[in-house]
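Chain by chain, the residues run as shown.
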Amino acid sequence: MSDTTSAVAARIQQEVLAQGPGAVGVLDDAPAAVTLTDVAVDFGSVHAVRRVTFPLVANRVTALVGPSGCGKTTVLRAINRMHDRSGGKVSGSIRLGDLEVYGRATQPELIRSRIGMVFQRPNPFPTMSILDNVTSGLRFNGIRNKKILKEAAESALQAAALWDTVKDRLSQPAVRLSGGQQQRLCIARALAVEPEVLLMDEPCSALDPISTAAIEETIVDLASEVTIALVTHNMFQATRCADLTAVFLLDNDDHIGELVEYGSTQQIFSSPADPRTEQYVTGQVS
Amino acid sequence: MSTDLLEAPAPSPSGKDPAVAERRTMIQSSARHTLKRRRSVALAIRILFGTCTVLTLIPLIALIAYVTKRGIDAMSVAFFTHTPTPEGVSGGGISNAIVGSLIINGMALVIAMPFGLLVSLFLIERRGPIANAIRFGADLLSGLPSILIGLFAYSIVVVHTHFSAYSAAVALAVLMLPIIIRGDEEAMRTVPAELWEAGLALGARQSRVVRSVIVRGAIPGLVTANLLALARAVGETAPLLFTTIGSQIFSLSINQPMNALPIVIYQDGTTAFPQLQLDAWGSAFVLMLGVLVLSIVGRMFAARMTRKSR
């Protein structure tokens, strides 16, 4: 372990402790928007991640942290059935409220209209204008009323803190926006459908610090209406945004990703129960 | 972040803002109610596409089945090892046509492949009127009736020499060229621009980047393009009639007329003699199998190259 990494770890712990007694608490009675129970994802004969059991507590931000390749994104994508296309096989149980996400009668389209997603790289539809991008989800779900679309677009763009920037050029192509603006647009596009849950897969990894700070602020604000799962490599981001944190690590023996600890962000970073978590958050594991 | 989970008002899945809850209900109900319609539209389109696929496959399968049915009776060892016999003499074969087709098309590919690659590299490197003109010319050339290409080879090669296998190779090379040019270009365009820049940024010369990164990255596509051109040329008849004209004897001399499978099909197939007609069907069957093997080998090769490069 180098001095630099331990210094970073110390700073994270300081930052967490400075936030006082908040966010520590028993979460057993908090309602869960999404419940994952013994979830595992396999790609053919390759086991990506297993033994994942934790809730996404309603109207809270939950960070999924861990080293590369330990299955954070895989778990995130399992929640809105993105593996239907990529060929991953999901076992165990994922429930959205009372609805079994992988239930026999469950319609994946309806699951995805209730669980929004923001990807690592901004991916606005290149052939659509800014407005059309934001309203696309609504139109895909059969809403055609112009007035409703317009209102929803404004409110979503406002929630994503992009409205003031783009209100005078809604009909311009979305790809003319900067990277950070494009990612806000993608957040607005996901929010316009009023999802109950928003999955964010390293939404700031392609962005500069200013855009990152702005999006982190948006994430914190959004939590009052939406339950958020945030995959991040950035420990500071987890401490800044997340109420709760799930730590994923690779099993030392067979290199399959696992959930090793779940708890309030403060507890994870200040007094982790599992020694492996402590090693990871203090920078002793790469 | 500093909100106390214990003291915070019990969060409900619908959030705090009643307007949001109302909109959410409206959108989810629209999603639910239109799902059936959206699904049936999707199903209808899927059925339409499926029907079109089947309709497209019917003539193809019928053709393969019919050629197989008619041609399979001609199959025997002698058919592959003997040269043609006159009508009434049994035991004839098409060995000279098989070897002739291999030699002529092999030569044509050897001529067309480097030209095609170089021209397509030019098209990749240069933008502007010259490149556009070449591209337009290639498209025009690929639409040209192959009999004109035969006449062209006849007038620039045969007239000044004599009927020969190499003049046929020239004709088929001209025929292959536009397919290879456009196919190679497409294949190399799929190599991302970032890789060009990555190569250049390491101090490599343009030509070195092309060789080590662009051409290598495009190999599966290049192989496919060249095989496609070969498969197209192998079945062409008209260019051969003006150049190699066919032969009854077994010849390995590229300076002499040579037999080829399409010529057997054309000449024997139009006679009145059942024995020769059977030879024509047999040749058609062999030609078809040859193209099939070519395609399968090409695809396997391309797939292996792609796997390796990952």
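Residues numbered from 1 in each chain as written. Chains lettered and ligands numbered in written order. Predicted model: local features only at pLDDT ≥ 70, side-chain atom pairs only at ≥ 80, totals over all residues.

### Topic: the overall build of chain A
Quick note on the threshold: Numbering of helices and strands runs from the N terminus, with a helix taken as a DSSP run of H or I at least four residues long and a strand as a DSSP run of E at least two residues long. Residue burial here comes from a neighbour count, namely the number of other C-beta atoms, placed from the backbone, that lie within 10 Å of the residue's own C-beta, with 20 or more meaning buried, 12 or fewer meaning exposed, and in between meaning partly exposed.
Within chain A, the regular secondary structure consists of 12 helices and 10 strands. Counting across all 286 residues of chain A, residues that qualify as buried make up 49%.

### Considering the overall build of chain B
Here is the rule we go by: For this measure, only C-alpha atoms enter the radius of gyration; the expected value for a globule follows 2.2 Å times N^0.38, where N is the number of residues.
A tally of regular secondary structure across chain B gives 12 helices and zero strands. Along the chain direction, N to C, the helices and strands of chain B fall in the order α-α-α-α-α-α-α-α-α-α-α-α. For 310 residues, the compact-globule estimate of 2.2 N^0.38 gives 19 Å, and the C-alpha radius of gyration of chain B, at 29 Å, exceeds that figure by more than 25%. On the principal axes, the C-alpha backbone points of chain B span a range of 100 × 55 × 35 Å. Across the 310 residues in chain B, those meeting the buried criterion constitute 32%.

### Details of the pairing of strand β7 (residues 197-201) of chain A
Two faces make up the sheet, and in a regular strand the side chains alternate between them. Residue and element names in this part refer to chain A. Here is the rule: Here, any two strands with at least 2 DSSP bridges between them count as paired. Think of it like this: strands point away, you trace from the first strand over the helix to the second, and a clockwise trace means the crossover is right-handed.
In terms of burial, β7 is a largely internal element, five of the five residues being buried. With burial as the criterion, each face of β7 is covered, one bearing Val 197, Leu 199 and Asp 201 and the other bearing Leu 198 and Met 200. The pairing of strand β6 (residues 115-118) with β7 spans four bridges and is parallel. For Gly 116, the partnering residue across the bridge sits in β7 and is Leu 198. As judged from the five bridges shared by β7 and strand β8 (residues 227-231), these two strands associate in the parallel manner. Following the sheet pairing, Val 197 is matched in β8 by Thr 227. Taking the sense of rotation as the criterion, the β-α-β connection linking β7, helix α9 (residues 209-222) and β8 turns out right-handed.

### Some details on the nonpolar core
Test applied: Linking buried Ala, Val, Leu, Ile, Met, Phe, Trp, Tyr and Cys residues through C-beta atoms within 7 Å yields a set, and such a set is a nonpolar core. Think of it this way: build a C-beta for each residue from its backbone, and any pair within 7 Å is a contact.
One finds A:Leu64, A:Ala156, A:Ala188, A:Ala192, A:Leu198, A:Ile228 and A:Leu230 to be the most contacted residues of the largest nonpolar core, which totals 84 residues. Non-local contacts of A:Ala156, meaning those with residues more than four positions away in its chain, are made with A:Val134, A:Ala188, A:Leu191 and A:Ala192.

### A closer look at unusual backbone geometry
Residue and element names in this part refer to chain A. Within the chain, Glu 194 stands out as a residue other than glycine whose phi angle is a positive 50 degrees. Within the element layout of this structure, Glu 194 appears in the loop between α8 (179-191) and β7. Overall, the presence of 28 C-beta atoms within 10 Å leaves Glu 194 in the buried class. The residue Glu 202 is not glycine, and still its phi comes out positive at about 45 degrees. Within the secondary structure, Glu 202 sits in the loop between β7 and α9.

### A look at helix α9 (residues 219-234) of chain B
Residues three or four positions apart in an α-helix share a direction because the helix packs 3.6 residues into each turn. To be explicit about the condition: Take the residue count of a helix, subtract one, and multiply by 1.5 Å to get its expected span.
Across its 16 residues, α9(B) extends 22 Å between first and last C-alpha, which sits within 8% of the 22 Å expected from 1.5 Å per residue. B:Pro220, B:Gly221, B:Leu222, B:Thr224, B:Ala225, B:Asn226, B:Leu227, B:Ala229, B:Leu230, B:Ala233 and B:Val234 are the residues of α9(B) that are buried.

### Examining helix α4 (residues 129-142) of chain B
Here α4(B) contains 14 residues, and its C-alpha end-to-end distance of 20 Å stays within 8% of the 20 Å for a straight helix at 1.5 Å per residue. Across the 14 residues that make up α4(B), only a small minority, one, are buried.

### Side note on the sheet that holds β7(A)
Residue and element names in this part refer to chain A. Definition in use: Between N-to-C directions, angles cover 0 to 180 degrees, with each direction set by a line fitted to C-alpha atoms, over the stretch in contact for helices.
In space, the 10 strands of this open sheet follow the order β5-β4-β1-β2-β10-β9-β3-β8-β7-β6, with mixed pairing throughout. Two strands close off the open sheet at either side, each with one partner strand: β5 (99-100) and β6. Where strand β1 (residues 32-43) lies against strand β4 (residues 89-96), seven bridges are found, and the strand directions are antiparallel. Each residue of the ladder has a partner; that of Asp 42, found in β4, is Lys 89. On top of the sheet, helix α2 (residues 72-79) reaches β1, β2 (46-57), β3 (61-65), β4, β6, β7, β8 and β9 (244-250); it is set at about 120 degrees to β1, its chief contact. Packing of α8 onto the sheet brings it into contact with β6 and β7, and relative to β6 it is tilted by some 170 degrees.

### Examining the packing of α4(B) against helix α6 (residues 165-189) of chain B
Residues and elements named next belong to chain B. Which entries qualify depends on this criterion: These descriptions rest on fixed angle ranges, namely under 35 degrees for roughly parallel, over 145 for roughly antiparallel, 65 to 115 for roughly perpendicular, and the rest for oblique. Each crossing gets its handedness from the near helix: less than a right angle anticlockwise from the far helix is left-handed, clockwise is right-handed.
It is the contact of α4 with α6, at a shortest axis distance of 8 Å, that shows an interaxial angle of 135 degrees. Of the possible angle classes, the one that applies to α4 and α6 is oblique. Classified by chirality, the crossing of α6 by α4 is left-handed. Judged by residue contacts, Ala 138, Asp 139, Leu 141 and Ser 142 of α4 engage Leu 177, Pro 178, Ile 179, Ile 181 and Arg 182 from α6.

### Some thoughts on the confidence of the model for chain B
All names here are of chain B. Test applied: The predictor rates its confidence in each residue with pLDDT, a number between 0 and 100.
Averaged over chain B, the pLDDT score is 88; the fraction of residues at 70 or greater is 93%. Between residues 1-13, whose pLDDT stays under 50, and residues either more than four places distant or in other chains, the model counts 28 contacts. Reported confidences for the modelled complex are a pTM of 0.73 and an ipTM of 0.78.

### What about the packing of helix α3 (residues 95-125) of chain B against α4(B)?
Residues and elements named next belong to chain B. The following threshold applies: Charged means Asp, Glu, Lys or Arg here, nonpolar means Ala, Val, Leu, Ile, Met, Phe, Trp, Tyr, Cys or Pro, and polar covers whatever is left, Gly included.
Running from N to C, α3 and α4 point in directions that differ by 135 degrees, and their axes come no closer than 9 Å. Judged by the angle between their axes, α3 and α4 are oblique. Considering how the two elements wind past one another, α3 and α4 form a crossing that is left-handed. Residues Val 119, Phe 122 and Leu 123 of α3 form the contact with α4, whose participating residues are Ala 131, Ile 134 and Arg 135. Partitioned by chemical class, the residues of the contact of α3 with α4 number five nonpolar, no polar and one charged.

### Some remarks on the environment of B:Leu35
In this structure, B:Leu35 sits in helix α1 (residues 18-71). Taking the C-beta count within 10 Å as the criterion, B:Leu35 has 16 such neighbours and is therefore assigned partly exposed. For B:Leu35, the contacting residues outside a window of four places in its chain are A:Gln107, A:Glu109 and A:Leu110.

### Let's talk about the environment of A:Cys204
Within the fold, A:Cys204 resides in the loop between β7 and α9. Beyond its immediate stretch of four places on either side in the chain, A:Cys204 contacts A:Thr212, A:Ile215 and A:Gln237.

### Some remarks on the pairing of β9(A)
Residue and element names in this part refer to chain A. Among the seven residues that make up β9, seven are buried, leaving the element largely enclosed by the rest of the structure. Residue alternation in β9 divides its side chains into two sets, Leu 244, Ala 246, Phe 248 and Leu 250 and Thr 245, Val 247 and Leu 249, and both sets are buried. With four bridges connecting them, β3 and β9 associate as parallel partners. Each bridged residue has a counterpart across the sheet, and for Ala 63 the counterpart in β9 is Thr 245. Pairing geometry for β9 and strand β10 (residues 257-264), over seven bridges, is antiparallel. By the bridge assignment, Leu 244 is partnered in β10 with Ser 264. Between β9 and β10, which pair antiparallel one after the other, the connecting turn spans six residues, and His 255 there sits at a positive phi close to 55 degrees.

### Section: the environment of B:Arg232
Within the secondary structure, B:Arg232 is located in helix α9. Of the residues examined, B:Arg232 has 16 C-beta atoms within 10 Å and is grouped as partly exposed.

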